[in-house]
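Summary of structural features
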Amino acid sequence: MPLDILPSVCPHDCPSTCALEVERVDARTIGRIRGARDNSYTAGVVCAKVGRYAERQHHPDRLAVPLRRVGEKGTDRAAYEEISWDAALDAVAEAFLRAAQRYGSETVWPYYYAGTMGLVQRDGINRLRHAMRYARQISTICVACADAGWLAGVGVKRGVDSREIAESDLVVMWGGNPVSTQVNVMTHITRARKERGAPFVVIDPYRTPTAEVADIHLAVRPGTDGALACGVMHVLFKEGYADRAYMAKYTDAPAALEAHLKSRDPAWAARITGLSEQEIVDFARLYGRTKRSFLRIGYGFSRSRNGSAQLFAATCLPAVTGAWQYRGGGALFAGAALYPLDRSLIEGLDVLDPATRSLDMSRIGPVLTGDKTDLGDGPPVTAMLIQNTNPAVVAPESLKVRAGFLRPDLFTCVHEQFFTETAAYADIVLPATTFLEHDDIYTSGGHTHLQLARKVVEPYAEARPNHFVICELAKRLGARHPGFAMSEWEIIEKTLAMSGLPSPDQFDGGRWLDMALPFETAHFLDGFGHADKRFHFRANWPAVGPFHEGLPDLPDHAEVIDVATAEHPFRMVVPPARSFLNTTFNNTPGGVAREGRPVVRIHPDDLAALGAGEGDRVRLGNRQGSVVLHAKRGEGQQRGVLIVEGIWPNHAFEEGMGINVLTSADPGRPNRGAVFHDTAVWLRKA
Ligand SMILES: Nc1nc2c(c(=O)[nH]1)N[C@H]1C(S)=C(S)[C@@H](COP(=O)(O)OP(=O)(O)OC[C@H]3O[C@@H](n4cnc5c(=O)[nH]c(N)nc54)[C@H](O)[C@@H]3O)O[C@H]1N2
Ligand SMILES: Nc1nc2c(c(=O)[nH]1)N[C@H]1C(S)=C(S)[C@@H](COP(=O)(O)OP(=O)(O)OC[C@H]3O[C@@H](n4cnc5c(=O)[nH]c(N)nc54)[C@H](O)[C@@H]3O)O[C@H]1N2
Ligand code: SF4
Ligand SMILES: [Mo]
């Protein structure tokens, strides 16, 4: 029997946002998933984990029906009994009303992230929040540090079209690992290498799968990219690679920058980064003599207390050489500003009361354990609705997160596809649809398309979309907003109309709209995003956020990190594993088999000094706690650096708690943001 092939869009939290083709076996069953060949960015490629999505879609552990907790919090599925949707929704509404009666509406904290990137299903929770005056969420777990760093220099969140990578003569992947985290970047890099002989440089503390295929790997110490960028720019000025005419026309303070860089030579940068002077000079010359140089900026090096400053320093390079002017030249971090969407219907922005308090999602541990830094004189958080995220595993300071979720006076409802470790703390668990079972609209961080996707198969068992849960709760809570009475598709059509964008039938094949800007604008030849239209070498950190102490205005190494000390001599980085996507896929057989078990990569000399070998049990710790892992020889990283790929479930670790026991909920500077890769630890034999 021939299979139906239906279009869709990958909803996962990945900059690639692939245009998909899904084999439909019958109304409830899918086969393989492939990348759409006719989408110029996806170009027929998807990652292996989504290719075998049937493993996840038809996983025997999918949540099938609503559950009510009858046993202990934080245990397992046996602590729950099945109930009807009506009974479950009534219980949630009643708990929210009761909590608000006692403490005021801001005691309720709806909490969400990007388990799905569809705008209606992901962000609809904000409509309920605003209509009910519930506490707001400052969404810091992923992009806050990077956004602040990019905006400091460029002034608007967009960059050069990623398809232009194929037309570059030098591609630099800075602080990102696309072979694992956004494979489609590699399609375009491969074209540049094959068709133009473009060298490919990776800047990353360890030999990632991307670094393995690169021509040059600069294995910096974590948190020292600001120094590398300055050492490189020193050479660019000194050896005549700086484009002074470009800088005079397009930048704010080239003379101040040049004077500032005089003392930041390659020897200085080598001492801080741990690279050799020669590596820095060679890279600077390569970058300086190539006009069409493309910096693809990853998130990784922004996840540090000085991360915004690091990312900002990197973005200064193309402004010094003027690479922005050329096709295939310039830089890209993410393209959010390409999508001029009016989000008020989806998110209920028209009913938002700016007086309601905002809580930092990355600080969920401190928030739930009553930290006054976060709560001030406000009420405790006593009720939560959680959608599309798994904070029991992914948020920093896991021990505090656990203590918070275990509070007997906290009511939690978790809407999920699986019985995650967060669901195991819930009072009510609701089964959620996957992207194949609901409609949505998708923007993208890594390319320029706005995409639509209709459901492909019927919902599994009693699974329901986020939109359904939000609208049903609104009814029971008395929340009023036109969005609660509309279908997903009606919201999408109305949102497009309100935004002055074409209607769905005018999208290419009903699927996507390419929002790419003309060359002049994409390359900032008609000005950067700041009011003076210039690229800023002088960052105005105090205007960006409150935590600006210790951040220099000109690009520099900012030592505001968790520096290694005698007590904590190692610097730990906790990057993504290839077969998992955050915690998604860490329960599918294919992914788990490929990843094996949680390991820590240790430099061979550090391993020898410890008297340990490959596969031995070692313990990593700091003042927050400790975890046991198996050692792995880490070639291609400096001594004193530890790498723990994840995100494994907490229960995959010997003592039942995962790697985020060790990461800190300190805010990144200047405008918050989780600092996952900025942790000093000790290391012992276990
Ligand atoms: N397979 C897979 N894909 C994913 C994800 C996943 O978990 N697994 N997660 C998704 C999500 S939510 C996101 S935000 C993106 C993130 O994707 P990326 O942009 O790749 O960012 P990170 O995952 O934070 O880290 C990437 C790299 O940064 C490096 N790094 C850490 N600190 C430093 C530093 O100080 N300097 C430099 N130069 N490099 C540093 C790490 O070693 C790591 O290799 O990927 C998405 N795609
Ligand atoms: N150690 C360490 N920790 C990290 C990171 C790291 O690199 N290292 N990266 C950080 C980053 S960048 C991020 S973005 C966070 C992400 O962390 P999470 O937000 O937890 O990310 P995901 O695992 O992508 O998605 C969470 C859940 O959303 C559910 N979900 C998917 N679609 C839907 C839906 O339509 N409805 C509902 N109700 N649920 C749905 C999935 O089943 C999944 O369990 O993790 C952060 N934590
Ligand atoms: S590369 Fe990213 S967007 Fe593409 S299929 Fe994989 S997870 Fe989805
Ligand atoms: Mo992320």
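Every chain begins its residue count from 1, and numbering advances along the sequence as written. By the order in which they are written, chains take letters starting at A while ligands take numbers starting at 1. Per-residue local features of the predicted model are confined to residues with pLDDT of at least 70, and side-chain atom pairs are confined, for both listing and counting, to 80 or more; whole-chain, interface and lining totals are unaffected and use all residues. Each side-chain value is worked out from all heavy atoms of the structure, with water and hydrogens disregarded.

**Here we look at the overall build of the protein**
Rule in force here: Secondary structure elements follow DSSP: runs of H or I of four or more residues count as helices, runs of E of two or more count as strands, with numbering from the N terminus. A radius of gyration in this sense is built from C-alpha atoms; the matching globule rule multiplies 2.2 Å by the number of residues raised to 0.38. The classification of residues rests on relative accessible area computed with a 1.4 Å probe and restricted to protein chains. Under 20% of the type maximum is buried, over 50% is exposed, and intermediate values are partly exposed. Contact definition: two residues touch when any of their heavy atoms are within 4.5 Å. Counted as positive: Lys and Arg. Counted as negative: Asp and Glu. His and the chain ends are not counted at all. In plain terms, the charge of a residue is placed at NZ if it is Lys, CZ if Arg, CG if Asp and CD if Glu.
When its secondary structure is counted, the protein shows 26 helices and 25 strands. Computed over its C-alpha atoms, the radius of gyration of the protein comes to 25 Å, within 12% of the 26 Å expected for a compact globule of 686 residues. Over its C-alpha atoms, taken along the principal directions, the protein stretches across nearly 70 × 60 × 60 Å. Within the protein, the fraction of its 686 residues that count as buried is 64%. Within the protein, contacts between residues at least 6 apart in sequence are counted, and of these 75% link residues at least 24 apart. If you average the places of the 76 positive and of the 80 negative side-chain charges in the protein, the two averages end up 2 Å apart.

**Some details on the sheet that holds strand β25 (residues 679-685)**
Note the following rule: When DSSP finds at least two bridges between two strands, those strands are taken to pair. Lines fitted to C-alpha atoms define the axes here, with helix axes fitted over just the stretch in contact, and angles between the N-to-C directions of these axes take values from 0 to 180 degrees.
The strand order β20-β24-β21-β23-β22-β25 describes a closed barrel built from six strands, whose pairing is mixed. Neighbour-to-neighbour, the strand axes of the sheet open up by a mean angle of 45 degrees, direction not taken into account. As paired strands, strand β20 (residues 570-573) and strand β24 (residues 641-643) are joined by three bridges and run parallel to one another. Along β24, the bridge assignment pairs V573 with I643.

**Digging into the side chain of S16**
Following the sequence through the fold, S16 ends up in the loop between β1 (4-9) and β2 (19-26). Take S16: its relative accessible area is 2%, and that puts it in the buried class.

**A few points about the domain arrangement of the protein**
Worth spelling out the cut-off: How far each domain reaches was decided by an automatic or database domain assignment. When two parts are brought into contact, each loses some accessible area as probed by a 1.4 Å sphere; the total of that loss over both is the buried area. Every case where a carboxyl oxygen of Asp or Glu lies within 4 Å of a side-chain nitrogen of Lys or Arg is listed as a salt bridge. In protein, a polar contact requires one atom able to donate a hydrogen and another able to accept it; more generally it is a pair of N or O atoms within 3.5 Å, and residues adjacent in sequence count only if both atoms are side-chain atoms.
Partitioning the protein into domains gives domain 1 (4-57), domain 2 (67-139 + 342-432 + 457-492), domain 3 (145-336 + 520-544) and domain 4 (570-685). The straight-line distance from the C-alpha centre of domain 1 to that of domain 3 is 32 Å. Taken together, the contacts link twelve residues of domain 1 with eleven residues of domain 3. Regarding the contact of domain 1 and domain 3, the summed buried area is about 880 Å², with carbon and sulfur atoms giving 53% of it. Counting every contact that joins domain 1 to domain 3 gives zero salt bridges. Summed over the shared surface of domain 1 and domain 3, the number is five residue pairs in polar contact (both at pLDDT 80 or more).

**Points about the site of ligand 3**
Put simply, the rule reads: Distances are taken per atom, and a residue is near a molecule or strand as soon as one of its heavy atoms is within 4 Å of it. Classes in brief: Ala, Val, Leu, Ile, Met, Phe, Trp, Tyr, Cys and Pro nonpolar; Asp, Glu, Lys and Arg charged; the others, Gly included, polar.
The local shell around ligand 3 consists of C10, C14, S16, T17, C18, V46, C47, V50, V183, N184 and L581. Residue classes in the shell around ligand 3 are distributed as eight nonpolar, three polar and no charged.

**So, unusual backbone geometry**
For the peptide bond that leads from G646 to I647, omega is 20 degrees, which places it in the cis range. When you line up the elements, I647 lands in the loop between β24 and β25. With an omega of 5 degrees, the peptide bond running from R669 to P670 counts as cis. One can find P670 in the loop between β24 and β25. In the Ramachandran plot, A461 falls in the positive-phi region, its phi being about 40 degrees despite a non-glycine side chain. Mapped onto the fold, A461 is located in the loop between β18 (449-453) and α21 (466-477). We note that K533 has phi near 65 degrees; this positive angle belongs to a residue other than glycine. By the secondary structure assignment, K533 is in the loop between α23 (519-522) and α24 (541-544).

**Description of the packing of helix α3 (residues 85-103) against α21**
Basically, it comes down to this: Any angle that is under 35 degrees is reported as roughly parallel, and any over 145 degrees as roughly antiparallel; angles of 65 to 115 degrees are reported as roughly perpendicular and all others as oblique. Each crossing is labelled by how the near helix is turned from the far one, with a counterclockwise turn of less than a right angle marking it left-handed and a clockwise turn marking it right-handed.
Put simply, α3 and α21 touch, their axes get as near as 9 Å, and they point 60 degrees apart. Considered as vectors, α3 and α21 are oriented oblique to each other. Between α3 and α21 the crossing geometry is right-handed. Side by side, α3 and α21 meet where W85, D86, L89, D90, V92, A93, F96 and L97 of the first sit next to F468, V469, E472, L473, R476 and L477 of the second. Of the residues contributing to the contact of α3 with α21, the split by class is ten nonpolar, no polar and four charged.

**Focus: the packing of aromatic side chains**
Here is the rule: Only the six-membered ring of Trp is used, alongside the rings of Phe and Tyr, when aromatic pairs are assigned; centres must lie within 6.5 Å, and planes under 30 degrees apart are stacked while those over 60 apart are edge-to-face, with the rest tilted.
If you walk through the whole model with that rule in mind, you get 21 aromatic pairs. Considering the side-chain rings of W85 and F468, the 5.4 Å spacing of their centres and the 90 degrees angle between planes classify their relative orientation as edge-to-face. Here W85, found in helix α3, pairs with F468, found in helix α21; they are 383 residues apart in sequence, far enough to count as distant. Look at W85 and you get buried, because its relative accessible area is 9%. Residue F468 is classed as partly exposed on the basis of its relative accessible area, which comes to 26%.

**Considerations on the site of ligand 2**
Of all residues adjacent to ligand 2, which total 30 residues, the nearest are H415, E416, N466, V574 and T583. Taking N466, its side chain carries an N or O atom lying 2.8 Å from a nitrogen atom of ligand 2. Here the residues of the shell around ligand 2 are counted per class, giving ten nonpolar, 16 polar and four charged. Composition of the shell around ligand 2 by domain shows at least three residues from each of domain 2 (67-139 + 342-432 + 457-492) and domain 4 (570-685).

**Quick notes on the packing of helix α5 (residues 144-153) against helix α14 (residues 307-315)**
In contact at an axis separation of 7 Å, α5 and α14 are set at 40 degrees when each is read in the N-to-C sense. Taken as axis vectors, α5 and α14 run oblique relative to one another. The way α5 lies across α14 gives a crossing that is right-handed. Of α14, the residues touching α5 (which contributes C145, A146, A148, G149, W150, A152 and G153) are S308, L311, F312 and T315. Of the residues contributing to the contact of α5 with α14, the split by class is seven nonpolar, four polar and no charged.

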